[in-house]
Amino acid sequence: NMIMRQTAILAAALLMAATATAQVTVPEMVTIPAGSFTMGSADGGVFADEAPRHRVTFTKPFGMSAGEITNAQYEQFFPRHRALRGLDAGISTADDDAVVNVTYDQALAYCRALSAVTGRRFRLPTEAEWEYAARAGISSNKYPWDGDLPMSEDKGCFYANFKPGEGNYTRD
């Protein structure tokens, strides 16, 4: 597949560049402890696939970035992304802002490139891992990041999962 070939070439080039120059900035990682939680919404929430609620168990702890990947971290590997900063209502313009305007495949390419350069394994969290970490031990039916109105633009979940300014919202 073309994307995988391009990523492999990029990773090899980045590995050579990283060893010849400065180290790359790696996201701060935290350990999420093993445990269980009830995933989903009893009433189906905003999307039908949020129901039925079901139990998810993690038998081993896993690592996750302590925060969102920043523009500066992403642009170490994909410097052309800088031209996309601030295109969505002026959000995400600074180096330490969360990177936006990145597709799923581009996020995977970032993980592969970071893994190749550091020799450590980086990947995207699963939906269950993300929800477990975001709930931080809260077991109520209501998501802790939910607002009074579904899809409220002033809530972090909106920006984490949807592209602002679009009339049709699609799930990742």
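Quick caveat, the model's predicted, so the values are computed rather than measured.

1. So, the confidence of the model for the protein
- Taken as a whole, the protein shows an average pLDDT of 76; of its residues, 63% reach a score of 70 or greater.
- Averaged over each element, pLDDT in the protein is lowest for helix α5 (residues 156–161) (48) and highest for helix α2 (residues 71–75) (96).
- Contacts of residues 148–156 to residues separated by more than four positions or lying in other chains number 12 contacts, the stretch itself having pLDDT below 50.
- Segment residues 158–172: pLDDT under 50, and 28 contacts once partners within four positions in sequence are set aside and those in other chains are kept.

2. A few points about the pattern of salt bridges
- Applying the stated criterion to the full structure yields 5 salt bridges.
- One salt bridge connects Asp 95 with Arg 82, and the closest N-O pair in it is separated by 3.4 Å. In this pair, Asp 95 sits in the loop between α2 and α3 (104–118) while Arg 82 sits in the loop between α2 and α3, placing the two residues 13 residues apart along the sequence.
- Measuring nitrogen to oxygen at the nearest pair gives 2.8 Å for the salt bridge that ties Asp 95 to Arg 85. Separated by 10 residues along the polypeptide, Asp 95 in the loop between α2 and α3 and Arg 85 in the loop between α2 and α3 bring together distant segments of the chain.
- Its relative accessible area of 41% is what places Asp 95 among the partly exposed residues.
- With relative accessibility at 14%, the residue Arg 85 sits in the buried group.

3. Notes on the nonpolar core
- Of all hydrophobic cores here, the largest spans 12 residues; its members are Val 24, Tyr 74, Phe 77, Phe 78, Val 99, Ala 109, Tyr 110, Cys 111, Ala 113, Leu 114, Val 117 and Phe 122.
- Sorting elements by how many residues they give to this core places α3 first, with 6 residues.
- Sequence-distant contacts of Cys 111, that is, excluding residues within four places in its chain, are made with Phe 122, Arg 123 and Leu 124.
- Judged by nonpolar contacts, the second largest core, of 9 residues, contains Phe 37, Met 64, Ala 128 and Tyr 132.

4. Some remarks on α3
- Taking 1.5 Å of rise per residue, 15 residues should cover 21 Å, and α3 covers 21 Å from first to last C-alpha, within 8% of that figure.
- Looking at α3, one finds that the buried residues are Ala 109, Tyr 110, Cys 111, Ala 113, Leu 114, Ser 115 and Val 117.

5. Considerations on helix α4 (residues 127–135)
- Along α4, the residues classified as buried are Ala 128, Glu 129, Glu 131, Tyr 132 and Arg 135. Along the long axis of α4, the arc covered by the buried residues comes to 165°, so they all point the same way.
- Close packing links the buried residues of α4 with β1 (29–32), β2 (35–39), β3 (54–58) and β4 (62–65).
- Of the residues one or two after α4, Ala 136 is the one with positive phi, at around 50°.

Rules behind the numbers
Note that residues are indexed from 1 along each chain, following the sequence as it is written. Thresholds applied to this predicted model are a pLDDT of at least 70 for local features of residues and 80 or more for the giving and counting of side-chain atom pairs; totals over whole chains, interfaces and linings are not thresholded and use all residues. Water and hydrogen atoms were dropped before computing side-chain values, which therefore reflect all heavy atoms in the structure. As a per-residue quantity, pLDDT reports the predictor's confidence and falls between 0 and 100. The secondary structure listing takes helices from DSSP runs of H or I that are at least 4 residues long and strands from runs of E that are at least 2 residues long, numbered from the N terminus. What makes two residues a contact is simply this: any of their non-hydrogen atoms within 4.5 Å. Within this document, salt bridges are pairs made up of a side-chain nitrogen of Lys or Arg and a carboxyl oxygen of Asp or Glu, the two lying within 4 Å of each other. Note on classification: 1.4 Å probe, protein chains only; a residue is buried when its accessible area is under 20% of the maximum for its type, exposed when over 50%, partly exposed between these limits. We define a nonpolar core as any set of buried Ala, Val, Leu, Ile, Met, Phe, Trp, Tyr and Cys residues linked to one another through side-chain atoms lying within 4.5 Å. By this rule, a helix spans an expected 1.5 Å times one less than how many residues it contains. Each direction from the helix axis to a C-beta atom contributes to the arc, which is the arc of those directions.

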